[in-house]
Amino acid sequence: MEVITTHVNADFDCLGSMVAAKKLYPDALVAFSGAQEKGVRDFFQKHGPLPIEFTRLKDIDFSAITRVIVVDCQSSARLARFGELIKEGGVELHVYDHHPKSSADLRATGGIVRSCGSTTTILTALLRERGIEVTPEEATLMMLGVHEDTGNLTFASTTPEDYQAAAWLLERGANLNEVADSIGRELTVEQVSLLNDLLSSLKTTTLKGVDVSIAHASVDRYVGDIAGLAHMIRDMENLQAIFIVVDMAERVFVIARSRVPEVRVGEILRELGGGGHDTAASATIRGLTLIQVLQQLDAVLRKRVDPRRVAKEIMSHPVKTLKPDSTIEQARERLVRYNVSAMPVLEAGHVLGIISRKTVEKAIYHNLGKVPVSDYMHSEFFAATPETPISELQSYMVGGDARLVPVLSAGSLVGVVTRTDLLRYSLGGEALYDLAREASQVKSREIEGLMKRQLSSRAIKVLHDLGHCADQLDLPIYAVGGFVRDLLLGNENMDIDVTVDGDGIFFAESFATEFGCRAKCHHKFGTAVIVFPDGFKIDVASTRLEYYVSPGALPTVEHSSLKMDLYRRDFTVNTLALRLNAQHFGQLIDYFGAYRDLQARVIRVLHNLSFVEDPTRVFRAIRFEQRLNFRIAKHTEDLIKNAVKMDFLEKLGGRRLLSELVQILREKEPLKGIWRMASLGLFRFIHPRVELTPAMQEMLEEVRNIVSWYDLLYLERPYERWAVYFLALCEPLTSDEFSATCTRLAVSGHLQQRLVEMRKQGEVLLGSMERRLAQQGKLENSEIYFFLRGLPVEVLLYQMAKSHDAELKRAVSLYFTKLQGMHSRIGGGDLKQLGVLPGPRYRELLDAVLCARLDGRVPDREAELALVKDLIRQPDLVRQP
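Residues numbered from 1 in each chain as written. Predicted model: local features only at pLDDT ≥ 70, side-chain atom pairs only at ≥ 80, totals over all residues. Heavy atoms only, no water.

Undergrad: I'd love a proper account of the overall build of the chain, names of residues and values included.
TA: Counting its secondary structure elements, the chain contains 37 helices and 26 strands. The long-range fraction of contacts in the chain, counting pairs at least 24 apart against all pairs at least 6 apart in sequence, stands at 66%. Within the structure as shown, the chain displays about 39500 Å² of accessible surface, and the carbon and sulfur contribution to it stands at 50%. Each charge sign in the chain was given a centre, from 108 positive and 115 negative side chains, and these centres are 4 Å apart. (Helix = DSSP H or I, 4+ residues; strand = E, 2+ residues; numbered from the N terminus. Contact = heavy atoms within 4.5 Å. Areas by Shrake-Rupley, 256 points an atom, 1.4 Å probe, with all protein chains shown as cover. Lys, Arg positive; Asp, Glu negative; His and termini not counted. Charge placed at Lys NZ, Arg CZ, Asp CG, Glu CD.)

Below is the structure:
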């Protein structure tokens, strides 16, 4: 049995969506999960019989339900008894909703979730696509849904698709008079204008893991019922907590609504002179400007939105320590290596004191580098437990000017809390969204929803299996890097990397044994690759940190904490981690503001020496900027320019430089990366004579056109696209310069030989073709074939792009599309039967026959045999290609 339902307190969009869903699922029962909004109830009372029959909950046998179709909702908590049924499992679930960023916990197997003005719009589009007609009564009910959730097609969230749905429904007889009489939200012109201003200014900020939204506006005259607008915005945008601040009639009005216990709006607005309860409150403020009220509200929110957190939630671990007999010089080297400002001094498992970088630097200034740290460490310090409230840590570290607090459990050091940890916590930069926490933690559920929409069921199962195996081994495990980044961006990426806070190789071997896979282990680096029977691979690593002995050198690797593992990565957007252990599945960990940078669409390094330590990150910054359509942050771009100016890229080995260059040239749109490289002055690291002149730019654009044309031919002759762009970039170089550049960049011997020799040969042959064309005006097909036979695709495409001769381009095009696959219909066996002795004569005769076929002089096999017989009798007739 199938049932169509929607959320409690159903509105007109729910009603319209249920009517449309019934057309798509004609055998399904239609039932409300609970009460309806007043406007819908009034509509039912005054309206006659409806074109759809609703089934009462008490008349439904829930044990017989096999599929539930949910419209305008993705939260089980809003579905009452149907939500409980869905969570129990055993039923198929289809979901249709127009809030992609909703707090979803429904694991749908079908349906559509995408952004538009109403859910009815989505279902109307399906009816149109499938040619399913509706009656005028049904069209009217559906039109109610479109008009209610789009504010009569005036809200900023309205899309062209909503207008198309309304037009289609109107064509099918929807009664607009009925719609106008029934929609409860009849906004005045002033309210519509104010609503649009509020929606334009709406901004959502994450504070301590909770999303808080603020909208503001100023109007010249008093506008009534702004509380209704707050409800409208909250429902339209599906927000956790909304504050609207409106300056009008010489007062500033603040209206607040909250769905989450962490944001108790009554307490918050009491500090602004207002009041209310936890979920709804208001304040009227005189004598302050709109800006002043917004500033006060921001300060109160940062103080009041504060779920109770303890030391274990923000501490760093494992901890790098010093021995008491370590010298001051050794302490400085270790503090610099791990980029920390203080370290505990440990002996026999007990913390004796703390040494700070400030103390170490002063001691070295006074020539005390050989003295043990125990002589100058801070031996009086505050030690926290894992359950120490963060407020206590803040008081101690700020008031006592402490840089580090050790966290002890049963006397053993289990972590440290640093000033950086506290700063990220205070600013809301550390976003730990945990499904096991309160329902207000929206983003974790968003991520599970993203998984369901973007990943195959097999991929999701693999992620759960990884977590299950790690749980058995008592190991924390995380998906990290580009996979998590692209999941949040909605980009396809099945290159799954996981990090284990422990022995990654042991985990990989255990997983492979349990799930019938192979584990390829690299003990030197503590990494492994899990290979599934079908070839699918997952990269596994242990949490580790890297430090660089000198600029451009390869990193030294050590085991470390998850935070330090993520800190070693190139850019903030690649520092996200996703917990896979069963109890915390869906927990997004963001230590470095990656989620913020994803929303701002910026590429940002984690520290100022990033390009000094690894100059290849310059190229990766460009690649990610262009691939993701982001922008490099200004400070990060300044650091790139400084690295270029200081010639740090000269310290790179040619192989590493080539590897990064090739990856840029392999991008879907490599020209954007090439232009960016030129703007940052990177061409000189390929060769000083490579410059982006107007002629070079024109040729590169022609390369793009030629390569795109070739790809659309879908020929079976593979090629390296990057090599075509590389040849074009190196066009100003002489043969010797090009060969030297290939050698310096460590182009593989075979490919280097092909590129160098074929570049020369291509220039010679195409030069000959151009001269022949100038003399004859055209080329025979056989001439084209034998000129171009044997040249690599890369060289042909490069020369095709380089040439300005339209007839030569046509000749190369003809070769690719028709001539290169042609062969003579006869072979060596035929020649043998005709008495020709094996030897060079075979190739000579067969090439002559092929010439004839290419030029259309032998239409079939018999004609080819006749021609070869003539050639055998009269050798002088052989036409040399």
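Undergrad: Lay out helix α32 (residues 781–788) in plain terms, naming residues and giving numbers.
TA: Counting buried residues along α32, 8 of its 8 residues qualify, which places the element largely inside the surrounding structure. Within the sequence span of α32, burial applies to Asn781, Ser782, Glu783, Ile784, Tyr785, Phe786, Phe787 and Leu788. Its buried side turned inward, α32 meets α31 (749–776), α33 (793–802), α34 (806–819) and α36 (840–854). Looking at the residues trailing α32, positive phi occurs at Gly790, about 95 degrees. (Buried < 20%, exposed > 50% of the residue type's maximum accessible area, 1.4 Å probe, protein only.)

Undergrad: Could you give an account of the environment of Leu729, with specific residues and numbers?
TA: You can see Leu729 is positioned in helix α29 (residues 721–729). On the accessibility criterion, Leu729 (0% relative accessible area) is buried. In the structure, Leu729 is positioned 30 residues away from Met699 in sequence and 9.0 Å away in space, judged by C-alpha atoms. If sequence neighbours within four positions are ignored, Leu729 has contacts with Leu665, Ile674, Phe683, Ile686, Val690, Met696 and Leu700.

Undergrad: If you had to explain the pairing of strand β12 (residues 342–347) to someone new, which residues and values would you point to?
TA: By the bridge criterion, 6 bridges tie β12 to strand β13 (residues 350–356) in an arrangement that is antiparallel. Bridge pairing in β13 links Glu347 to His350. The turn linking β12 back onto β13 is made up of 2 residues, and Ala348 within it adopts a positive phi angle of 50 degrees. (Pairing = 2+ DSSP bridges.)

Undergrad: Give me the lowdown on the packing of helix α5 (residues 136–149) against helix α6 (residues 160–171), citing residues and values where you can.
TA: For the pair α5 and α6, interaxial distance at closest approach is 9 Å and the crossing angle is 160 degrees. If you check the angle between α5 and α6, you find them roughly antiparallel. Both α5 and α6 take part in a crossing whose hand is left-handed. Of α6, the residues touching α5 (which contributes Ala139, Met142, Met143 and Val146) are Asp162, Ala166, Leu169 and Leu170. Here the residues of the contact of α5 with α6 are counted per class, giving 7 nonpolar, no polar and 1 charged. (Axes fitted to C-alpha atoms, helices over the stretch in contact; angles between N-to-C directions. Parallel < 35°, antiparallel > 145°, perpendicular 65-115°, else oblique. Left-handed = near helix turned anticlockwise from the far one by under 90°. Nonpolar A, V, L, I, M, F, W, Y, C, P; charged D, E, K, R; others polar.)

Undergrad: How would you explain the sheet that holds strand β10 (residues 275–276) if you had to name every residue and give the values?
TA: What holds strands together in a sheet is hydrogen bonding between their backbones, with the strands either parallel or antiparallel. The sheet built from 6 strands is open, its strands ordered β6-β7-β8-β9-β11-β10 with mixed pairing. A single partner strand is all that each edge strand has here, and the edge strands are β6 (203–207) and β10. The strands that helix α8 (residues 189–201) touches are β6, β7 (210–218) and β8 (241–248); relative to β7, the one it contacts most, it runs at about 135 degrees. The sheet contacts of helix α11 (residues 290–304) involve β6, β7, β8, β9 (251–258) and β11 (280–285), and relative to β7 the element is tilted by about 170 degrees.

Undergrad: Report on the pattern of salt bridges, specifying residues and quantitative values.
TA: This structure, assessed with the given rule, holds 48 salt bridges. Across the pair Arg172 and Glu171 runs a salt bridge whose closest N-O atoms are separated by 3.3 Å. For the salt bridge of Arg458 with Asp534, the shortest nitrogen-to-oxygen distance reads 3.0 Å. With Arg458 in helix α18 (residues 457–472) and Asp534 in the loop between β19 (527–531) and β20 (537–542), the pair connects residues that are 76 residues apart, well separated along the chain. Classification of Arg458 by relative accessible area gives partly exposed; the value is 37%. (Salt bridge = Lys/Arg side-chain N within 4 Å of Asp/Glu carboxyl O.)

Undergrad: I'd love a proper account of the state of the cysteines, names of residues and values included.
TA: Under the criterion given, the structure shown has 0 disulfides. Looking at the unpaired Cys521, the closest cysteine sulfur is the one in Cys517, lying at 13 Å. We classify Cys521 as partly exposed; its relative accessible area is 24%. Here Cys742 stays unpaired: no disulfide links it, and the sulfur of Cys730, its closest cysteine neighbor, is 6.4 Å away. Residue Cys742 is classed as buried on the basis of its relative accessible area of 0%. (Disulfide = S-S within 2.5 Å.)

Undergrad: If you had to explain the packing of aromatic side chains to someone new, which residues and values would you point to?
TA: In total, this model carries 23 aromatic pairs according to the counting rule given. With centroids separated by 5.6 Å and ring planes inclined at 50 degrees, the aromatic side chains of Phe532 and Phe536 adopt a geometry described as tilted. Of the residues examined, Phe536 reaches a relative accessible area of 18% and is grouped as buried. Ring centres of Tyr710 and Phe816 lie 4.9 Å apart, and the angle between their planes is 65 degrees; this geometry places the pair in the edge-to-face category. Here Tyr710 is found in helix α28 (residues 694–713), whereas its partner Phe816 is found in helix α34, with 106 residues between them in sequence. Here Tyr710 falls in the buried class, since its relative accessible area comes to 3%. What makes Phe816 buried here is its relative accessible area of 2%. (Phe/Tyr/Trp six-rings, centres within 6.5 Å; stacked < 30°, edge-to-face > 60°.)

Undergrad: Before we move on, could you go through the nonpolar core and cite the residues and values that matter?
TA: Within soluble globular proteins, side chains that are nonpolar tend to cluster in buried spots. The biggest cluster of nonpolar side chains holds 129 residues, and the ones touching the most others in it are Leu466, Phe507, Ile530, Ile538, Leu682 and Leu788. Ranked by size, the runner-up nonpolar core spans 37 residues in total, among them Leu127, Met143, Ala166 and Leu169. (Core = buried A, V, L, I, M, F, W, Y, C linked by side-chain atoms within 4.5 Å.)

Undergrad: Could you give an account of the environment of Asp590, with specific residues and numbers?
TA: Looking at the secondary structure, you find Asp590 in the loop between β24 (588–589) and α22 (594–600). By relative accessible area, which is 2% here, Asp590 ends up buried. Residues Asp590 and Thr572, spaced 18 residues apart in sequence, show a C-alpha to C-alpha distance of 9.1 Å. At a separation of 3.3 Å, a polar atom in the side chain of Asp590 contacts the main-chain amide nitrogen of Phe592. (Polar contact = N/O pair within 3.5 Å; in protein donor to acceptor, adjacent residues only side chain to side chain.)

Undergrad: Which residues make up unusual backbone geometry, and what values go with them?
TA: For the peptide bond that leads from His317 to Pro318, omega is -10 degrees, which places it in the cis range. Take Pro318: it is sitting in the loop between α12 (311–314) and α13 (328–337). In the Ramachandran plot, Ala80 falls in the positive-phi region, its phi being about 55 degrees despite a non-glycine side chain. A relative accessible area of 31% places Ala80 in the partly exposed class. Notably, Ala410 is not glycine yet its phi reads approximately 55 degrees, a positive angle. Relative to the elements of secondary structure, Ala410 occurs in the loop between β14 (404–409) and β15 (412–418).

Undergrad: Quick rundown of the sheet that holds strand β1 (residues 2–6)? Include the residues and the values.
TA: Taking strand neighbours across the sheet as the criterion, the 5 strands line up as β2-β1-β3-β4-β5 in an open arrangement whose pairing is parallel. Pairing within the sheet leaves two strands with one partner each, and these edge strands are β2 (29–30) and β5 (110–113). Pairing of β1 with strand β3 (residues 67–71), which is carried by 5 bridges, proceeds in the parallel orientation. Bridged to Thr5 within β3 is Val70. Sheet contacts for helix α1 (residues 12–24): β1, β2 and β3; angle to β1, the most-contacted strand, approximately 160 degrees. Strands in contact with helix α3 (residues 81–88) are β1, β3 and β4 (92–97); relative to β3, the strand with the most contacts, it is inclined by about 125 degrees.

Undergrad: Could you give me a rundown of the side chain of Asp486, with the residues and numbers involved?
TA: Tracing the sequence through the fold places Asp486 in helix α19 (residues 482–489). Taking relative accessible area as the criterion, Asp486 reaches 6% and is therefore assigned buried. Contacts of Asp486, omitting those with residues within four sequence positions, involve Gln454, Asn491, Asn493 and Leu628.

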